Structures are given as C-alpha cells and as structure tokens.
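Tertiary structure, described
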Amino acid sequence: MRKSVIYILIIALLIVASCFVNNNANKDGSFDSTTTNVVYNPTSGDSLSMYAIRYDTLNPLITAYSVNRDMLSLVFDPLISVTQNYSIENKLAENFVVSNGGKTITLYLRKNVFWHDGTSFTAKDVDYTINQILNYPEDCIYKKNLQDIEYAGIINDTIYEINLSSPNAGFVYLLDFPIIQFSYYDIIDTKDNFYVNGTGMYRVSDVDKFASVLLEANGQYWNGSANIKHINFRLLPDEEASYNGFALNSIDTAVVDSENASKYNVGENIGYKTANGNRYTYLAVNHTNSLLSDVRLRRLIKRMSVENRVITELIPELAVSANSPVNPFAVQALPFDVPETDIKEELDALGFKQGDNGVRSADFDGTKMPLEFTLLINQDNPSKIIIGNYIVSTMAGYGISVIPVVKPEEEYRQAAFENIYDLVLCETKISPDNNLGFLIGTDGALNFYGYSNETTDNIIAQVASSENIDVRNALLGDLQRDFYNNMPHIPLYFSTSKVFYNTDLLNEISVGALNGVYSNINTWSLK
C-alpha cells in the first residue's frame, strides 16, 4: 500500500511539473540563469535527446566540459575543422594561404554566412574571438594553442591575417575553435548570461539552466539543412548521471571517453562508432642509462608491448596501437612492419643471457649489466597503474626486471623531470598540427629524458616552415621514419572515445570532426 501511495505521488508531481514552461528568453537573446522546467513537445520522429552537464557557461570558448563543447559545436562554427583522419575541412574560412616561411596565415572568409540573428559574419567576428581567447585571464582550452600569435588583424571584411612569432605552417590546424559574434559582451563577465548567437547548423531555442538546452535546426545554414529538426540536451549534474541514460531511455546518443565507456549501461539496441582521440600514452626512456641508450633494446621493448596486446587484453576497443606520436588514423601516418624474429633470440644476440634468477644480463668490459629498470607511474591515474603493472609482468616474461614506483601526481611530475627513473609511463595530448618538437626535439618542453638528435631537429624545423600542406605531410612521413629508426621513446597507444547511439531510433551514424564529433549530424537520419 505504501509503495502504491509513493508511486501515485510521483506521478502527480510529474504532471504538475509539466505545467511549467520556460519563457525566460531575454530580448537580446540571452537567458536568465534561474528558470523553470522546460516542456518540450517536438513533432514525433523529428527529435533526439542527448546529454550535457549543467553548464558553467554557454560561452563555447571557456566551458570546462567536453560534452558541452560537443553540444555547442552545433551552434557555433569554427574557421576550419580537423576530420577524423586529420585532414583540414574548411568551415568559416573558405580558404587559407601559408607564407613567410610558415609564419603568416592568411584566411579568406566565407561570404553570405549569417548569424542566427540575421547579421552577417565578417572578419571583425574572427578578430573579436581571437582577442577574447588571448585576453582571457584564466586558462581555457584554446588559449595555449594561440600563444605563438605575434600579431593578427583585419585586412577587410573577408580577409584576416595571422602572424606568428616563430614558423609553424601547421598552425592552421589549430584554428578549430568556435567563432563568437563581435559584440559588447565580455566573456569575463558573462559566464551565466552569455549571448547565445552562432552561425551553426542549430540555434538555441530555449534554455533551462537546471534542466535542458533546446536546439532547433537553422533553416538558413550556409552548409545545408539538418535532417533532424530538434535536439533536446538534458542537463545532468555530472557524467556519472548519464551512465544509465540509455537504460532509462532518457538519452539517444552520447560521446564517451575511453576511461568511462565501460560504465555505460547499454542494451542490445545501442550501437556505437569509434572517434579518434589525441591522448597519447608512451614510455619515456632515460637516455642516460647505458643499456636503454641502445636503440636495439628500445625497439625490442616496443615489440614486447605489441606482441602481448596491452590494448586488446586490457582496454579493448578503447585505444589504437601507435608506432609514433602521429595518430595511426591520420592521413600523415605511416605503417611499419613489425619484425617476426624471436625477441628472446634477439636479446641473446645482444649478449643478454638468462640468469638463475630469471633476469637477463650481459658482460660489458668485465662488468655484469643486468636488465633491471625502474618504472615511474602516476598514482592518480588508475588505468595507468593497471597498464604499468601489465608492462612489468610482460617484460618479466622476457627476462627483464622492472620495479614499479608509484607516486602521487605532483611528485610523479617532479620525479619525471628530474630524470632519475629508467622508464616513465606518460600521457600527453598531441595537437592536430602534429607539431612534435615539444616531445622529441632536443629543447622540447616534454623531452625530459635526454634524447637529442640533429637529424630529428632538422626535420622538425622543416615541418614547421613548410608552406605547402602536401610537402608538410611528406616531411611528417620523414619524421616518422626517423622516429622509428631512433625510437626516442616507446610509443604505446592513442586513446579513443565512443559515440553511443540508439539503433531503434537512428540509422547508422558517422562521426564528425576531432573538435566536434556531432559536426556532420546533418548526415544522420531517423528511422
């Protein structure tokens, strides 16, 4: 009886709640931060439900949540987007020219593009956006990518020029940030009440800060119209609240990173597509260690991680094996054939013989040198602890003793840069421009492991100064061959993400750009 009463009360509360409609859109297009619940009654069959986090802001430049950036990528267009295979797709920039040895980028902007309020998109909007990013007093996701801008300015309404402090022909790959409209709103003061007016495929039709953001298709979109006319982004308190969303039929699609994919409660009617990621995991190698300074041993360690299938056994479908810091799905990536020779026989040939304690060692100038190394692991990254322990057990099978050293993140970072451990399990983000100098260049900010090679540095410099994309891609091929020959560190994998979707509702989907997996939602269709 008690359960029945509770059930009736819940139904009654839901009915009452459904009577309140959000009419809090201001005349200037902004929305009050305190609103009532939204009633959403789209025409049957023309809508999708997705999820976002109860937002810190609707300003796409500074929101802290990746799922909210995905949502806002439907409302705001970038200058260019980088596809899943790392090709450039022109968006608001119809074309670009790289000149001055890779130091000048001239953007030719698309004409006849309109903001959702009907005003024209011009170079003034680009200039405003770039200055807002550079002048934002806190860190934001796009600020670091623009730090090399020495001067940028308007040539005319449809031409914008960017001048860099040092050559980086790949800088154009970093122009994937959303463009906001030139206005008198300052992003420093408008986190709660940002003017939501984009050029994108969808416009914001209603907002309830605690319940939902409603989008409707932009009928005047410059790049065609969307098949799906309405999208209801349900605002959840955090990502964990979305884990049962599919089971409860409250969301139809969601982007999930590799760390959390296994937490989602999905049924037989849920399919998924894999989206590339830029998180690169590798083993940094201390080049001052006399044994690890031998590239032949480093290559064998790489093969150990591949042959024992770190990815397929521990993180299946959540990562792709890497041969270098260039994503294997990128058009610039080169395949490398793994030798089929026996690893243990190669260790024997290098003079490392199995000892009674199971550890291999070799005699160098009368000194016995065992294959014993330390491995530094970040304690605050549980998945890396699992991977690290697996590497330890894998290398033990080849007669190499690895002692794991697990430290809290702050101590881990300090110890890594002190270069006192033989191996460090690392993760970093590789930006879409594939500017790898920071990682393998002699003076690279993350080259804390002592690798230095003049040929590598020369190729990095050529990549940065190349004014032609095709030539630049060819040079990236040279850089990968150089990497494979010298193996500065041990590449392991790139993490991926999954785009789950309701197969009862949607036909097979395709995944969009790296900076917005929903960017080609105009190709999606409902059953």
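Residues numbered from 1 in each chain as written. Predicted model: local features only at pLDDT ≥ 70, side-chain atom pairs only at ≥ 80, totals over all residues. Heavy atoms only, no water.

**Thoughts on the overall build of the protein chain**
For clarity, the cut-off: Each helix is a run of H or I in the DSSP string that is no shorter than four residues. Each strand is a run of E no shorter than two, and both are numbered from the N terminus. Exposure classes here rest on a 1.4 Å probe applied to the protein chains alone. A residue is buried below 20% of its type maximum, exposed above 50%, and partly exposed in between. Contacts between residues were defined by any pair of non-hydrogen atoms, one from each residue, lying within 4.5 Å. To be clear on the numbers: accessible area is Shrake-Rupley with a 1.4 Å probe, and residue cover counts the displayed protein chains and nothing else.
Each helix and strand in the protein chain was counted, giving 11 helices and 20 strands. Relative to its full complement of 527 residues, the protein chain shows a buried share of 52%. Partitioning the intrachain contacts of the protein chain with sequence separation of at least 6 by distance along the chain shows that 68% fall at a separation of at least 24. About 23,800 Å² of surface is accessible on the protein chain, with carbon and sulfur atoms providing 49% of the total.

**Quick notes on the pattern of salt bridges**
Side chains carrying opposite charge are able to pair once their charged atoms draw close together. To keep things clear, this is the line we draw: Whenever a carboxyl oxygen of Asp or Glu lies within 4 Å of a side-chain nitrogen of Lys or Arg, that contact is scored as a salt bridge.
Applying the stated criterion across every chain, the model contains 11 salt bridges. Between Lys273 and Glu508 there is a salt bridge; the shortest N-O distance is 2.5 Å. On the criterion of sequence distance, the pair formed by Lys273 in strand 12 (residues 270-285) and Glu508 in the segment after strand 20 (490-502) is long-range, its members being 235 residues apart. For Glu508, a relative accessible area of 60% puts it in the exposed group. For Asp478, the salt bridge goes to Arg481, with nearest N and O atoms at 2.8 Å. With Asp478 and Arg481 both in helix 11 (residues 469-486) and 3 residues apart, the pair spans about one turn of that helix.

**Quick word on the confidence of the model for the protein chain**
This is how it is decided: Note: pLDDT gives the predictor's confidence per residue, expressed from 0 to 100.
Here the protein chain shows a mean pLDDT of 85. Residues at 70 or above account for 88%. Between residues 1-45, whose pLDDT stays under 50, and residues either more than four places distant or in other chains, the model counts 63 contacts.

**Describing the nonpolar core**
Operational definition: The nonpolar core is taken to be a set of buried Ala, Val, Leu, Ile, Met, Phe, Trp, Tyr and Cys residues, with the residues joined through side-chain atoms within 4.5 Å.
Leu79, Leu107, Ile162 and Val213 are the most contacted members of the largest nonpolar core, which has 153 residues in total. With sequence-adjacent residues up to four places away left out, Leu107 is seen in contact with Leu79, Ala93, Asn95, Phe96, Thr158, Ile159, Tyr160, Ile162 and Leu175.

**Brief notes about the sheet that holds strand 10 (residues 230-236)**
Condition: Two strands are said to pair when DSSP picks up at least two bridges between them. The axes used here are C-alpha line fits, helices contributing only the stretch in contact, and every angle between their N-to-C directions lies in the interval 0 to 180 degrees.
Reading across from one edge, 1-10-9-8 is the order of the 4 strands in this open sheet, with mixed pairing throughout. Looking along the sheet, the strands with just one partner apiece sit at the ends: strand 1 (47-53) and strand 8 (202-208). Adjacent strand axes in the sheet meet at a mean angle of 25° when their direction is disregarded.

**Observations regarding the packing of helix 10 (residues 454-465) against helix 11**
Between two packed helices, the angle of one axis relative to the other and the distance separating the axes together describe the packing. Here is the rule we go by: Each angle is binned into one of four classes, with values under 35 degrees roughly parallel, values over 145 roughly antiparallel, values of 65 to 115 roughly perpendicular, and all other values oblique. Should the near helix be turned anticlockwise from the far one by less than a right angle, the crossing is termed left-handed; should it be turned clockwise, right-handed.
Following both chains from N to C, one finds helix 10 and helix 11 inclined at 160°, their axes separated by 9 Å at the closest point. The angle between the axes of helix 10 and helix 11 places the two elements in the roughly antiparallel class. In terms of crossing hand, the pair formed by helix 10 and helix 11 is left-handed. Taken together, the residues of helix 11 that come into contact with helix 10 (itself represented by Thr455, Thr456, Ile459, Ile460, Gln462 and Val463) are Arg472, Leu475, Leu476, Asp478, Leu479, Asp482 and Asn486.

**Describing the sheet that holds strand 14 (residues 353-354)**
In sheet architecture, strand pairing relies on hydrogen bonds along the backbone and comes in two forms, parallel and antiparallel. As summarised here, the arrangement of the 3 strands in space is 14-15-16, forming an open sheet in which the pairing is antiparallel. Two strands close off the open sheet at either side, each with one partner strand: strand 14 and strand 16 (367-370). The pairing of strand 15 (residues 360-364) with strand 16 spans 4 bridges and is antiparallel. Bridge assignment links Ala362 to a residue of strand 16, and that residue is Met369.

**With respect to unusual backbone geometry**
Phi at Asp365 is positive, roughly 55°, even though this residue is not glycine. Structurally, Asp365 is set in the loop between strand 15 and strand 16. For Asn434, which is not glycine, the phi torsion reads 55° and is therefore positive. For Asn434, the location among the structural elements is in the loop between strand 19 (423-429) and helix 9 (437-440).

**Here's the deal with helix 7 (residues 382-396)**
Our working rule: How far a helix is expected to stretch is found by multiplying one less than its residue total by 1.5 Å.
For helix 7, with 15 residues, the first-to-last C-alpha span of 21 Å sits near the 21 Å given by 1.5 Å per residue. Three or more residues of helix 7 are buried, namely Ser383, Lys384, Ile387, Gly388, Tyr390, Ile391, Val392, Thr394 and Met395.

**Focus on helix 11**
The end-to-end C-alpha distance of helix 11, which contains 18 residues, comes to 25 Å, matching closely the 26 Å that a straight helix rising 1.5 Å per residue would cover. For helix 11, the full list of buried residues reads Arg472, Asn473, Leu475, Leu476, Gly477, Leu479, Gln480, Asp482, Phe483 and Tyr484. Directly after helix 11, the chain includes Met487, whose backbone phi takes a positive value near 45°.

**Digging into the pairing of strand 10**
Consecutive side chains of a regular strand alternate in pointing toward one face of the sheet and then the other. Within strand 10, 5 of the 7 residues are buried, which leaves the element mostly enclosed by the surrounding structure. Across 7 bridges, the pairing between strand 1 and strand 10 is parallel. When the bridges of strand 10 are listed, Ala52 appears paired with Leu235. Judged from the 5 bridges that link them, strand 9 (residues 212-217) and strand 10 form a sheet pairing that is antiparallel. Bridge pairing links Leu214 to Asn232 in strand 10.

**Topic: the pairing of strand 15**
Across 2 bridges, strand 14 lies against strand 15 in antiparallel orientation. Directly across from Lys353, in strand 15, lies its bridge partner Ser361. Joining the antiparallel neighbours strand 14 and strand 15 is a turn of 5 residues, in which Gly358 adopts a positive phi near 85°. The loop that links strand 15 with its antiparallel partner strand 16 comprises 2 residues; one of these, Asp365, has a positive phi angle of about 55°.

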